Amino acid sequence: MNLKHRSTRILALARGAIIPLLVIAAWQIIAMRGWINPQILPAPSKVIAKWWEYLQPVTPYTEGSYLTWLISGELLHDTYASFYRVVGGFLIGTILALPLGLLMGASERIYNLFSPLVQMLRPIPPIAYIPLAILWFGLGNPPAFFLISIGAFFPVLMNTIAGVKHVDGIYLRAARNLGASKMTIFVRVIIPAAMPYILTGMRIGIGTAFIVVIVAEMIAVNSGLGYRILEAREYMWSDKIIAGMFTIGLLGLGIDIGMNCLNNRLLRWHRGIDQN
């Protein structure tokens, strides 16, 4: 990465931070002037203090591994639990959606066979499956994985189907003229050409997974950021609620940046990606 490109990225990050900083500054001023009940909306400084307290180990250090003690705080454990469920459920949903989407996009017969069922189930929100998830899987991680996989499944499926169906016909004709077999065309032409759509579907799917995991943790499990937010609501700890929400936002931002880097890496050949 050359110096000019690095400076451009730093400038873009600085511009992107202007609005959040202005919102936080306005929020702090409103809280300091007492225009809003601090029990309802505490000041950003109070939220940051609670977030730091949430991050700290619960018990004082006595003996044993210092690193183990350092990461023993509630926040890190809750963040790990939520991240584990998001990634696990997302992978399950994606692994199921990709092959079905590729087959439905490539074969009109398979598409007509599965499309009515998909279109009937797709509008049902994952939250509606919560009673069944608890009935089938009980409490804990299994129902959370089930709900998250449903949330990730349909964005990946629909974008994969769209990607395969929108492959430029000139690529297919060129491959046939060069003597490529159907399997070669599918693997070497259709899948790479559909990859922008597939990765977009995965990016949407991981965002949906975050929405579902918070709801699942509020109902079906006793750990994670969603569970901790619900617990804080019971005691009217607004600062801890917002600290949990802030952590969810940071975690989601980190995963989205990772997905964006993956997109740029896998789609270097795509003319829509900056090559500089």
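Conventions adopted
Residues numbered from 1 in each chain as written. Predicted model: local features only at pLDDT ≥ 70, side-chain atom pairs only at ≥ 80, totals over all residues. Heavy atoms only, no water. Helix = DSSP H or I, 4+ residues; strand = E, 2+ residues; numbered from the N terminus. Buried < 20%, exposed > 50% of the residue type's maximum accessible area, 1.4 Å probe, protein only. Contact = heavy atoms within 4.5 Å. Areas by Shrake-Rupley, 256 points an atom, 1.4 Å probe, with all protein chains shown as cover. Lys, Arg positive; Asp, Glu negative; His and termini not counted. Charge placed at Lys NZ, Arg CZ, Asp CG, Glu CD. Phe/Tyr/Trp six-rings, centres within 6.5 Å; stacked < 30°, edge-to-face > 60°. Salt bridge = Lys/Arg side-chain N within 4 Å of Asp/Glu carboxyl O. Core = buried A, V, L, I, M, F, W, Y, C linked by side-chain atoms within 4.5 Å.

What to know about the overall build of the protein
Consideration 1: From N to C terminus, the protein includes 11 helices and zero strands.
Consideration 2: In sequence order, the protein lays out its α and β elements as α-α-α-α-α-α-α-α-α-α-α.
Consideration 3: With respect to the principal axes defined by its C-alpha atoms, the protein has extents near 70 × 55 × 45 Å.
Consideration 4: For the protein, with 276 residues in total, the buried portion stands at 35%.
Consideration 5: Nonlocal contacts in the protein, meaning residues at least 24 apart in sequence, comprise 67% of its contacts between residues at least 6 apart.
Consideration 6: Here the protein displays about 17000 Å² of accessible surface, and carbon together with sulfur accounts for 68% of that area.
Consideration 7: Here the protein contributes 22 positively and 12 negatively charged side chains, and the mean placements of these two sets differ by 16 Å.

So, the packing of aromatic side chains
Consideration 1: In the structure shown here, the tally under the stated rule is nine aromatic pairs.
Consideration 2: An angle of 80° between the planes, with centres 6.1 Å apart, marks the rings of Trp51 and Phe246 as edge-to-face. Residue Trp51 is located in helix H2 (residues 44-55), and its partner Phe246 is located in helix H11 (residues 238-266); the two are separated by 195 residues in the primary sequence.
Consideration 3: A relative accessible area of 22% places Trp51 in the partly exposed class.
Consideration 4: Overall, the relative accessible area of 43% leaves Phe246 in the partly exposed class.

Some thoughts on the environment of Phe137
Consideration 1: Inspection of the secondary structure puts Phe137 in helix H6 (residues 130-137).
Consideration 2: Assessed through its relative accessible area of 39%, Phe137 is described here as partly exposed.
Consideration 3: C-alpha of Phe137 to C-alpha of Ala220: the two residues are 83 residues apart in sequence and 9.8 Å apart in space.
Consideration 4: Residues contacting Phe137, with those up to four places away along its chain left out, are Pro142, Pro143 and Phe146.

Here we look at the pattern of salt bridges
Consideration 1: The full count for this structure, using the stated rule, is nine salt bridges.
Consideration 2: Residue Arg85 pairs with Glu217 through a salt bridge whose shortest N-O separation is 2.8 Å. With Arg85 in helix H4 (residues 74-106) and Glu217 in helix H9 (residues 182-219), this residue pair connects regions lying 132 residues apart in the sequence. The same class applies to Arg85 and to Glu217, which are both buried.
Consideration 3: Several salt bridges converge on common partners, so that one network encompasses Glu74, Asp78, Arg228, Glu231 and Lys240.

A few points about the nonpolar core
Consideration 1: Leu147, Leu157, Ile190 and Met202 are the most contacted members of the largest nonpolar core, which has 52 residues in total.
Consideration 2: For this core, the elements supplying multiple residues, two or more each, are H2, H4, H6, helix H7 (141-165), helix H8 (169-177), H9, helix H10 (225-234) and H11.
Consideration 3: Per element, the largest residue contribution to this core is 15 residues, and it comes from H9.
Consideration 4: Sequence-distant contacts of Leu147, defined by excluding residues within four places in its chain, comprise Pro126, Tyr129, Ile130, Ala133, Val212 and Ala216.

Such coordinate-based values are descriptive only and should not be taken to indicate function.
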